[in-house]
Amino acid sequence: MSALLPAHPPKFRPPPAACDCHMHAYGDPTVYPPHPASPFPPVAGGDVETYKRVRDILGLTRAVVVQPSVYGFDNRATLDAMAALGDVARGVAVVPPDVTDTELERLTGLGICGIRFFMIGGGSLGWDDLDLLAAKTAAFGWHVQMQLDGRHLDDHADRLARLPGRLVIDHNGKFLEPVDIGHPGVLALRKLIDGGKTWVKTSGVYETSRTGAPDYADVAVLARAMIAHAPERCLFATNWPHPSKPGNPPDDANLVDLFAQWCGDAAIATRIMVDNAAEVYGFGRPNPADRHP
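Throughout what follows, the structure given in this document is the object of discussion. What you see is a predicted model, and the numbers here were worked out from it, not measured in a lab.

**Digging into the overall build of the protein**
Link 1 in the chain: The helix and strand tally for the protein stands at ten helices and eight strands.
Link 2 in the chain: Projected onto its principal axes, the C-alpha positions of the protein cover 45 × 40 × 40 Å.
Link 3 in the chain: Taking all 293 residues of the protein together, 54% fall into the buried category.
Link 4 in the chain: Pairs at least 24 apart in sequence give 77% of the contacts found in the protein among residues at least 6 apart.
Link 5 in the chain: Between the averaged position of the 27 positive side-chain charges in the protein and that of its 34 negative side-chain charges there is a distance of 3 Å.

Written out as structure tokens, the structure is:
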């Protein structure tokens, strides 16, 4: 069995319409050629058909396909994955500063609802592009998805707070070295969340943890803190197929169970996995009578 497929379902049963708010899709390099300048190779086996099997094993329903850095401004792999997933999918794209309104309208019609800024090296956009593209895409209802080293978040927080639309911060702030909850970057993240336009993904704890599996306790403390502080501003995600861990991905079932432990309550997990995702990504809300008890 592929290491990218969970060996068993999680113990926690996600609620109907639970959304994976951050996953990637890769494909045949002859169809989707990697950008020559990208430091990240495509993830072998990280195709949308494999993800469908992962989703079913984990008990998830909806997904947000995030444009991988390896494809630069070529969003075809993301769009094709969204089409393969159907109405239960939304997308986050990467577009150049000179993108036209016609192209933004086309992408919006296909289900794109955010623009990705990857500020840790290898991204196609930088800080000089942020204000222009945030304004352009906010006019179409898009949010800014931001990934940066959270240790520097305090330096950028005021600027991020002034963005015209919504902001989604990846992976608990993506602190490249584990920090405690009193770190200035964590305090800046909480302040952004308290401003009412920012959401944070409680995901990717395995990427920067030094203590490691199964609990990733040194980074999980941030996820717990964000959920306790503002569950209405948190999102759930797998980050499948885990491009930072090629050949050694984490156990996705364990990640789902860890998330449930951080929530401590099925109602909070439902709020995050279903309602918050519906608000940020424009999904319809399921009938409450259809939810798990």
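There is more to say, and it comes next.
**Focus: the packing of aromatic side chains**
Given two aromatic rings, one states the distance between the centres and the angle between the planes to describe the pair.
Link 1 in the chain: Overall, the coordinates contain five aromatic pairs when judged by the stated rule.
Link 2 in the chain: Residues Tyr26 and Tyr71 carry aromatic rings whose centres are separated by 6.1 Å and whose planes lie at 50 degrees to one another, so their mutual orientation is tilted. Taken together, the residues Tyr26 in the loop between strand E1 (19-23) and helix H1 (48-58) and Tyr71 in the loop between strand E2 (62-66) and helix H2 (76-85) connect sequence positions 45 residues apart. Per residue, the accessibility class of Tyr26 equals that of Tyr71, and both read buried.
Link 3 in the chain: By the ring-pair criterion, three or more aromatic residues cluster together here, those being Tyr26, Tyr32 and Tyr71.
Link 4 in the chain: The residue whose ring lies beneath Arg233 is Trp199, and the NZ or CZ to ring-centre distance is 4.6 Å.

**Comments concerning the sheet that holds strand E8 (residues 234-235)**
Each strand in a sheet pairs with its neighbour through backbone hydrogen bonds, running either in the same direction (parallel) or in the opposite one (antiparallel).
Link 1 in the chain: Read from one edge of the open sheet, eight strands run E1-E2-E3-E4-E5-E6-E7-E8, paired in parallel fashion. At either end of the open sheet lies a strand with only one pairing partner, and these are E1 and E8.
Link 2 in the chain: Sheet analysis places strand E5 (residues 143-147) next to strand E6 (residues 167-169), joined by three bridges and oriented parallel. For Val144, the partnering residue across the bridge sits in E6 and is Leu167.
Link 3 in the chain: Relative to the sheet, helix H6 (residues 184-194) contacts E6 and strand E7 (198-201), its axis offset from that of E7 by approximately 130 degrees.

**Here's the deal with the state of the cysteines**
Link 1 in the chain: Considering all chains together, one arrives at zero disulfides under this definition.
Link 2 in the chain: Sulfur of Cys113: no disulfide; nearest cysteine sulfur belongs to Cys19 and is 9.2 Å away.
Link 3 in the chain: No disulfide involves Cys234; its nearest neighbouring cysteine sulfur is the one of Cys263, lying 8.0 Å away.

**Some thoughts on the pairing of E1**
Successive residues of a regular strand alternate their side chains across the two faces of the sheet.
Link 1 in the chain: When you tally the buried positions in E1, you get five out of five residues, the bulk of the element.
Link 2 in the chain: The parallel pair E1 and E2 is bridged by H1, and the resulting crossover is right-handed.

**Some remarks on the nonpolar core**
Link 1 in the chain: Counting 82 residues, the largest nonpolar core has Phe117, Val144, Met146 and Phe259 as the members making the most contacts within it.
Link 2 in the chain: Top element by residues in this core is helix H9 (residues 252-263). It accounts for eight residues.
Link 3 in the chain: Counting 15 residues, the second largest nonpolar core, distinct from the first, contains Val66, Val92, Val168 and Trp199.

**Quick look at the environment of Ala230**
Link 1 in the chain: Relative to the elements of secondary structure, Ala230 occurs in the loop between helix H8 (217-229) and E8.
Link 2 in the chain: Sequence separation of Ala230 and Asp28 is 202 residues, and the distance between their C-alpha atoms is 40 Å.

**Examining unusual backbone geometry**
Link 1 in the chain: Here the residue pair Ala213 and Pro214 is connected by a cis peptide bond, since its omega of 5 degrees sits within 30 degrees of zero.
Link 2 in the chain: Its place among the elements puts Pro214 in the loop between helix H7 (205-208) and H8.
Link 3 in the chain: In this structure, the amide linkage connecting Trp240 to the following residue, Pro241, adopts the cis form with an omega of 0 degrees.
Link 4 in the chain: On the secondary structure map, Pro241 appears in the loop between E8 and H9.
Link 5 in the chain: Despite not being glycine, His171 has its phi angle at roughly 50 degrees, a positive value.
Link 6 in the chain: Mapping His171 onto the fold places it in the loop between E6 and H6.
Link 7 in the chain: The phi angle at Tyr216 is positive, at roughly 50 degrees, despite the residue not being glycine.

**Notes on the pattern of salt bridges**
Link 1 in the chain: Under the counting rule described, the total for this entry stands at ten salt bridges.
Link 2 in the chain: A salt bridge links Asp56 to Arg55, with the nearest nitrogen and oxygen atoms 3.9 Å apart.
Link 3 in the chain: On the basis of relative accessibility, which here comes to 55%, the residue Asp56 falls in the exposed class.

**Some remarks on the environment of Pro14**
Link 1 in the chain: Summarising the element assignment, Pro14 is placed in the segment before E1.
Link 2 in the chain: Judged by relative accessible area, Pro14 falls into the buried class, the value being 4%.
Link 3 in the chain: Separated by 259 residues in sequence, Pro14 and Met273 have C-alpha atoms that sit 7.9 Å apart.

About the cut-offs
- Residues numbered from 1 in each chain as written.
- Predicted model: local features only at pLDDT ≥ 70, side-chain atom pairs only at ≥ 80, totals over all residues.
- Heavy atoms only, no water.
- Helix = DSSP H or I, 4+ residues; strand = E, 2+ residues; numbered from the N terminus.
- Buried < 20%, exposed > 50% of the residue type's maximum accessible area, 1.4 Å probe, protein only.
- Contact = heavy atoms within 4.5 Å.
- Lys, Arg positive; Asp, Glu negative; His and termini not counted.
- Charge placed at Lys NZ, Arg CZ, Asp CG, Glu CD.
- Phe/Tyr/Trp six-rings, centres within 6.5 Å; stacked < 30°, edge-to-face > 60°.
- Lys NZ or Arg CZ within 6 Å of the ring centre and 35° of its normal.
- Pairing = 2+ DSSP bridges.
- Axes fitted to C-alpha atoms, helices over the stretch in contact; angles between N-to-C directions.
- Disulfide = S-S within 2.5 Å.
- Right-handed = clockwise from strand over helix to strand, strands pointing away.
- Core = buried A, V, L, I, M, F, W, Y, C linked by side-chain atoms within 4.5 Å.
- Salt bridge = Lys/Arg side-chain N within 4 Å of Asp/Glu carboxyl O.

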